[in-house]
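Given next are the chains, with one letter for each unit.
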Amino acid sequence: MNKSIKNFVAAIGIDLRLVGMVGALVALWVVFDLFTGGRFLTPRNLFNLSVQTASVAVMATGMVFVIVTRHIDLSVGALLGFIGMIMGTLQVHILPQYLGLGHWSIWIITIFAGVSLGAVVGAFQGWIIGYLMVPAFIVTLGGLLVWRGAAWWVTQGQTVAPVDTTFRLLGGGSEGTLGDTLSWTFGVLATVAALVMMIQSRRRRAKHGFTPKPLWAEYSLGGIATFIIMGFVIVMNAYPLPKGAVKRYAAARDMEIPAEGLFISHGIAIPVVILLLVGVAMTFVAKRTRFGRYVFATGGNPDAAELSGINTRMLTVKVFALMGALTAIASVIASARLGSVGNDLGVLDELRVIAAAVIGGTALSGGIGTIHGAIIGAVIMQSLQSGMAMVGVDAPLQSIVVGVVLVLAVLVDITYRRRAGL
Amino acid sequence: MDKKTPLVEMKNIHLSFGGIKAVDDVSVDLYPGEVVGLLGHNGAGKSTLIKVLSGAYQADSGEIYVDGEQATINNPRDARAYNIETIYQTLALADNLDAASNLFLGREIVNQFGLVDDDAMEAETRRIMGRLNPNFDNFSSPVAALSGGQRQSVAITRAVYFNARILIMDEPTAALGPQETEMVAELINQLKADGIGIFLISHDIHDVMDLCDRISVMKNGKLVGTENVTDVTDDEILSMIILGKKPGQAA
Ligand SMILES: Nc1ncnc2c1ncn2[C@@H]1O[C@H](COP(=O)(O)OP(=O)(O)OP(=O)(O)O)[C@@H](O)[C@H]1O
Ligand SMILES: [Mg+2]
């Protein structure tokens, strides 16, 4: 890479690997856009891409902690299906009996039950791994079979539908979005929060007398953050609701639809809002809590962590419980998006999730990985899949390409790390 | 010295790994302001013995007394509660974390919300490193990227920072250059003057003769003997280590 770019990147304090990943993603988008004659980089496609990525990306953030602590979780896809079935049955067959169909609290109770179940199942698997010392690979491989089978059992293989109407919004259909005003508000709030955090960090470091980053670097970083957030809002707002949805929208508000039609923005999809909140929360946990610090310390050197008084067994339980809870959130998104829960919900998701985390720079040898990396990894995976489908690449070739990209990404990452002496 | 209560007494410690008796009925003690050298061949059981004291291992049998009272040390946390700090032979650093994160691992500085305060930890690390090893200047890289000597500095600093009363140093100078080794020697003398008791494991007889008040020699898991440094010669120590014979004992 060009030396001056390298210096610029170093000065503003962004990880070079992150720049590489974003670069790869942008290159991928441009190539697909060329091959599809401009159909890839449209608000519509980018909106769909963001919605399709959300479920896997939510799980990928949890998989970062799992892999960083030198474990693996092969059960997430099956567990997603099982929790989906339980939540589906709860909101379709059980709760309406007691509360009445369409009761306002159904979606809340359902999600609460799902997330609790995910955390308990995860904790149980983590307990077998941490305390009974059965390797995570085996425990979660067993889990894959158990939860997939259990999911079938819940309804004897029948699909559960339709999900609660409020619940459904969490999947990001044409109604499940923020709309333009809320999207702008969300964007402005996010930008302000990002800038305030930068200023505070600078003040804190100045208080301790550390040499501060040059001001131009701070301004560049702030500018980049603002550009990305606002750019995202603009693109999502540029995608209008389809005619049918506009009719419903207008009817609900007693509006007249003018002859030339009405431009109602989608705005940011709710599952994407969920993903962003999960991403921020997980980054916060990783960077600012003791638990997060211990996750990385344990992954870097389990013996050292143990000798520093860290209870690494309990840590394993917590990491898998967190993974289970995030799997439940992903299950909410996935089932809400489809509006129903079938037997194949989440099939092969474990591989997508692991691939996303790994493409995002999480090292299977432990100790290294970032939340934002895993989310970008998920976007790269989804872009590859949707892009190739749009170009018309055959399904078998698609899977070959994804496989090759996965191995190449890890090869590049390992080479980079070796060069950097890490 | 013999009128005071020992800071630490380890009595009749036994510990086997499978069939190997790594520590076989060993008793050692340590007084405030004293440096006791632990000597012996590779595999003699020195590290295993001190890991019992630091909570990394649990003895099969035997007792530990701190300030004359029986102590229960089941894990490293317990040892830290007795102000026992350890520099491990392997250094026990999380290679993927920076110097400050390693120094405070398990004892992070947190703010009023209980969140780790990296800036405060870095400031403290800079302050204490400035005293212990002014040549140390890399506070942002993961310790994997540091030299052996720098890594050892981090491990030493971690043990000294938290007001140890009992300090265990398992070959603390193995990776250090002459200048840094000299600084560690100074540090040991300074800590001694502060009344801290130190177990020092080293293969360097001269280090030991210079720094220690007493030496305990181990061989094949057993204690050969404990001597005042002023009462024995280099050769006598060597013969204890190599032949397992106490001075004055017939051949
Ligand atoms: N975790 C373990 N599991 C099995 N055997 C062990 C373990 N740790 C130490 N041993 C054995 O116990 C014996 C004593 O080892 P120890 O590390 O205490 O020796 P040492 O005196 O510190 O040697 P060195 O000078 O090489 O550091 C050796 O035979 C070693 O192989
Ligand atoms: Mg040793």
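*Asks:* A description of the nonpolar core should follow, citing residues and the corresponding values.
*Replies:* Counting 74 residues, the largest nonpolar core has A:M63, A:F65 and A:V295 as its most contacted members. Not counting residues up to four positions away in its chain, the partners in contact with A:M63 are A:D73, A:V76, A:M323, A:V353, A:I354 and A:A357. Of all hydrophobic cores here, the second largest spans 49 residues; its members include B:F136, B:I205, B:I237 and B:I241.

*Asks:* An account of the site of ligand 1 is needed here, citing residue identities and associated values.
*Replies:* All names here are of chain B. Of all residues adjacent to ligand 1, which total 14 residues, the nearest are N42, G43, K46, S47 and T48. G45 has a polar backbone atom sitting 2.9 Å from an oxygen atom of ligand 1. S47 is positioned with one of its side-chain polar atoms (N or O) 2.7 Å from an oxygen atom of ligand 1. Burial of ligand 1 by the surrounding chains reaches 66%, relative to a free accessible area of 630 Å².

*Asks:* Pulling in residues and values, what's your account of the pattern of salt bridges?
*Replies:* Residues and elements named next belong to chain B. As enumerated under the stated definition, the model contains 19 salt bridges over all chains in all. One salt bridge connects R126 with E122, and the closest N-O pair in it is separated by 2.8 Å. Highlighted residues: R126 and E122, both in helix α4 (residues 118–132), separated by four residues, approximately one helical turn. What makes E122 buried here is its relative accessible area of 11%. E124 serves as the salt-bridge partner of R127, at 2.9 Å between the closest nitrogen and oxygen. Taken together, the positions of R127 and E124, both in helix α4 and three residues apart, correspond to about one turn of that helix.

*Asks:* Go over the interface of chain B and chain A, please, and point to the residues and values.
*Replies:* Between chain B and chain A, the contact holds 30 residues from the first and 26 residues from the second. In terms of surface lost to chain A, no three residues of chain B exceed B:N96, B:V116 and B:D119, which account for 24% of the buried area on that side. Our count for the contact surface shared by chain B and chain A stands at five salt bridges. The residue A:R204 makes a salt bridge to B:D119 at a minimum N-O spacing of 2.9 Å. Counting across the chain B and chain A interface gives twelve residue pairs in polar contact (both at pLDDT 80 or more).

*Asks:* Please provide a residue-by-residue account of the pairing of strand β9 (residues 214–219) of chain B, values included.
*Replies:* Residues and elements named next belong to chain B. Burial of β9 is extensive: five of the six residues sit out of reach of the surface. Two strands pair when backbone bridges link them, and strand β3 (residues 35–39) and β9 are joined in this way by four bridges, in the parallel orientation. The residue bridging V36 from the neighbouring strand is R214, located in β9. The pairing of β9 with strand β10 (residues 222–228) spans six bridges and is classified as antiparallel. Following the sheet pairing, I215 is matched in β10 by E227. Between β9 and β10, which pair antiparallel and follow one another directly, the connecting turn spans two residues, one of which, N220, has a positive phi of 50°.

*Asks:* Outline unusual backbone geometry, listing residues and values.
*Replies:* The omega angle of the peptide bond from A:A161 to A:P162 is -15°, so this bond is cis rather than trans. Tracing the sequence through the fold places A:P162 in the loop between α6 (136–155) and α7 (165–169). Phi at B:N220 takes a positive value of approximately 50°, unusual for a residue other than glycine. Classification of B:N220 by relative accessible area gives exposed; the value is 60%.

*Asks:* Quick one: what's the story with the side chain of A:S75, residue by residue and with numbers?
*Replies:* All names here are of chain A. Its location among the elements puts S75 in the loop between α3 (43–68) and α4 (76–99). Within the structure, the side chain of S75 is placed 2.6 Å from the side chain of D73, a separation counted as a polar contact. Once residues within four sequence positions are removed from consideration, S75 is found in contact with Q125, T140, G143, L144 and W147.

*Asks:* Any details on the sheet that holds strand β1 (residues 8–17) of chain B? Residues and values, ideally.
*Replies:* One key point about sheets: their strands pair by backbone hydrogen bonds, in either a parallel or an antiparallel sense. All names here are of chain B. In space, the four strands of this open sheet follow the order β2-β1-β4-β5, with antiparallel pairing throughout. The open sheet terminates on both sides in strands that have one partner only, identified here as β2 (20–30) and β5 (69–70). Relative to strand β4 (residues 61–66), β1 is paired through five bridges, and the arrangement is antiparallel. By the bridge assignment, K11 is partnered in β4 with E63.

*Asks:* Break down the coordination of the magnesium ion (ligand 2) for me, citing the residues and quoting the values.
*Replies:* Residues and elements named next belong to chain B. Protein coordination at the magnesium ion (ligand 2) comes from S47 (OG) and Q89 (OE1), with a distance range of 1.9 to 2.1 Å. With S47 in helix α1 (residues 46–54) and Q89 in the loop between β6 (84–87) and α3 (99–103), this residue pair connects regions lying 42 residues apart in the sequence. The class of Q89 is partly exposed, set by a relative accessible area of 41%.

*Asks:* An account of a nonpolar patch on the surface is requested, with residue identities and associated values reported.
*Replies:* Residues and elements named next belong to chain A. Judged by side-chain polarity, V22, V26, V30, V31, L34, F35, L41 and V391 come together as a nonpolar surface patch covering roughly 690 Å² of accessible area. For the nonpolar patch, the leading source of residues is helix α2 (residues 16–35), giving six residues. Along the chain, L34 turns up in helix α2.

What counts, and at which threshold
Residues numbered from 1 in each chain as written. Chains lettered and ligands numbered in written order. Predicted model: local features only at pLDDT ≥ 70, side-chain atom pairs only at ≥ 80, totals over all residues. Heavy atoms only, no water. Core = buried A, V, L, I, M, F, W, Y, C linked by side-chain atoms within 4.5 Å. Buried < 20%, exposed > 50% of the residue type's maximum accessible area, 1.4 Å probe, protein only. Contact = heavy atoms within 4.5 Å. Near = heavy atom within 4 Å. Polar contact = N/O pair within 3.5 Å; in protein donor to acceptor, adjacent residues only side chain to side chain. Areas by Shrake-Rupley, 256 points an atom, 1.4 Å probe, with all protein chains shown as cover. Salt bridge = Lys/Arg side-chain N within 4 Å of Asp/Glu carboxyl O. Helix = DSSP H or I, 4+ residues; strand = E, 2+ residues; numbered from the N terminus. Buried area = accessible area lost by both parts, 1.4 Å probe. Pairing = 2+ DSSP bridges. Donors = N, O, S within 2.8 Å, 3.2 Å for Na, K, Ca; no water. Patch = residues over 30% accessible without salt bridge, like charges linked within 9 Å, V, L, I, M, F, W, Y side chains within 5 Å.

Keep in mind these values describe shape, not function.
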